[in-house]
Amino acid sequence: IDQVLAVRARQDEWLYDFDKRIEALASFIKLSEASALSAACKRVNNILQQAGQIDDKSINEALLEEGAEKALFAHLQAMEKLLEPLYEQKDYGRILNQLASLREPVDAFFDQVMVMVEE
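Cut-off values and rules
Residues numbered from 1 in each chain as written. Predicted model: local features only at pLDDT ≥ 70, side-chain atom pairs only at ≥ 80, totals over all residues. Heavy atoms only, no water. Axes fitted to C-alpha atoms, helices over the stretch in contact; angles between N-to-C directions. Helix = DSSP H or I, 4+ residues; strand = E, 2+ residues; numbered from the N terminus. Parallel < 35°, antiparallel > 145°, perpendicular 65-115°, else oblique. Left-handed = near helix turned anticlockwise from the far one by under 90°. Contact = heavy atoms within 4.5 Å. Nonpolar A, V, L, I, M, F, W, Y, C, P; charged D, E, K, R; others polar. Buried < 20%, exposed > 50% of the residue type's maximum accessible area, 1.4 Å probe, protein only. Phe/Tyr/Trp six-rings, centres within 6.5 Å; stacked < 30°, edge-to-face > 60°. Salt bridge = Lys/Arg side-chain N within 4 Å of Asp/Glu carboxyl O.

Asks: Help me out: how do you make sense of the packing of helix H4 (residues 67-88) against helix H5 (residues 92-100) in this one?
Replies: When two helices pack together, their arrangement is given by the angle between the helix axes and by the axis-to-axis distance. The contact between H4 and H5 brings their axes to 9 Å, and the two run at 165 degrees. It follows from the interaxial angle that H4 and H5 lie roughly antiparallel. Handedness of the H4/H5 crossing: left-handed. For the pair formed by H4 and H5, the contact residues are Met79, Leu82, Leu83, Leu86 and Tyr87 on the first element and Tyr92, Arg94, Ile95, Gln98 and Leu99 on the second. Residue classes in the contact of H4 with H5 are distributed as eight nonpolar, one polar and one charged.

Asks: Looking at this model, I keep getting lost on the packing of helix H3 (residues 32-51) against helix H6 (residues 103-112). Mind explaining?
Replies: Interhelical geometry of H3 versus H6 gives an angle of 45 degrees and a closest axis separation of 10 Å. Taken together, the axes of H3 and H6 are oblique relative to one another. Our pair here, H3 against H6, has a crossing hand that is left-handed. Only Arg103, Val106 and Phe110 of H6 make contact with H3, whose side of the interface consists of Ser32, Glu33, Ala36, Ala40, Arg43, Val44 and Ile47. Residues of the contact of H3 with H6, tallied by class, amount to six nonpolar, one polar and three charged.

Asks: Got a minute to help me understand the environment of Gly52 in this structure?
Replies: Mapped onto the fold, Gly52 is located in the loop between H3 and H4. A residue is classified by how much of its surface remains accessible, and Gly52, at 31% relative accessible area, is partly exposed. In the structure, Gly52 is positioned 15 residues away from Leu37 in sequence and 22 Å away in space, judged by C-alpha atoms.

Asks: So what exactly am I meant to see when it comes to the packing of aromatic side chains here?
Replies: By convention here, two paired aromatic rings are described through the distance between centres and the angle between planes. In this structure the tally under the stated criterion is two aromatic pairs. Between the aromatic rings of Tyr87 and Tyr92, the centroid separation amounts to 6.2 Å while the plane-to-plane angle is 70 degrees, which identifies the pairing as edge-to-face. A residue is classified by how much of its surface remains accessible, and Tyr87, at 47% relative accessible area, is partly exposed. Residue classification places Tyr92 among the buried positions, given a relative accessible area of 8%. Arranged with centres 5.2 Å apart and planes meeting at 75 degrees, the rings of Phe109 and Phe110 form a pair that is edge-to-face. Here the two residues Phe109 and Phe110 agree in accessibility, since each one is buried.

Asks: What exactly am I supposed to notice about the pattern of salt bridges here?
Replies: When the charged atoms of two side chains lie near each other, side chains of opposite charge can form a pair. Taken as a whole and judged by the stated rule, the model has three salt bridges. Linking Asp91 and Arg94 is a salt bridge whose minimum nitrogen-to-oxygen distance equals 3.6 Å. Under the relative-accessibility criterion, Arg94 is labelled partly exposed at 46%.

The structure is reproduced here in structure tokens:
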């Protein structure tokens with residue numbers, strides 16, 4: 001039920017490939033990175049809600065100071081380019097596997113960067 005609700009929450013009204021998304025999620029949650037990435041996403045979501053939602057176009061890269069935040073930003077930019085064609089191909093399994101590779105830079109970010117500071 002949780003998997004169906006998770007996919008449904010992100011899919012809006014498009015049900016055409018619902019089964020592909022469920023299969024991809026079922027495989028993904030078996031990975032060791034899945035729970036860590038899920039926890040990090042929840043943490044990021046909570047921080048963004050407190051700060052007021054921002055989009056990647058409002059990020060001033062010149063304000064990034066710490067190596068871990070610069071590395072995470074670079075990973076996210078590269079990931080966006082990598083995922084676009086996979087999303088068009090509806091290759092949800094590969095998308096989730098690629099997202100799992102964000103575990104290290106996300107963990108490093110939260111370990112090394114003070115979040116919710118003035119600048």
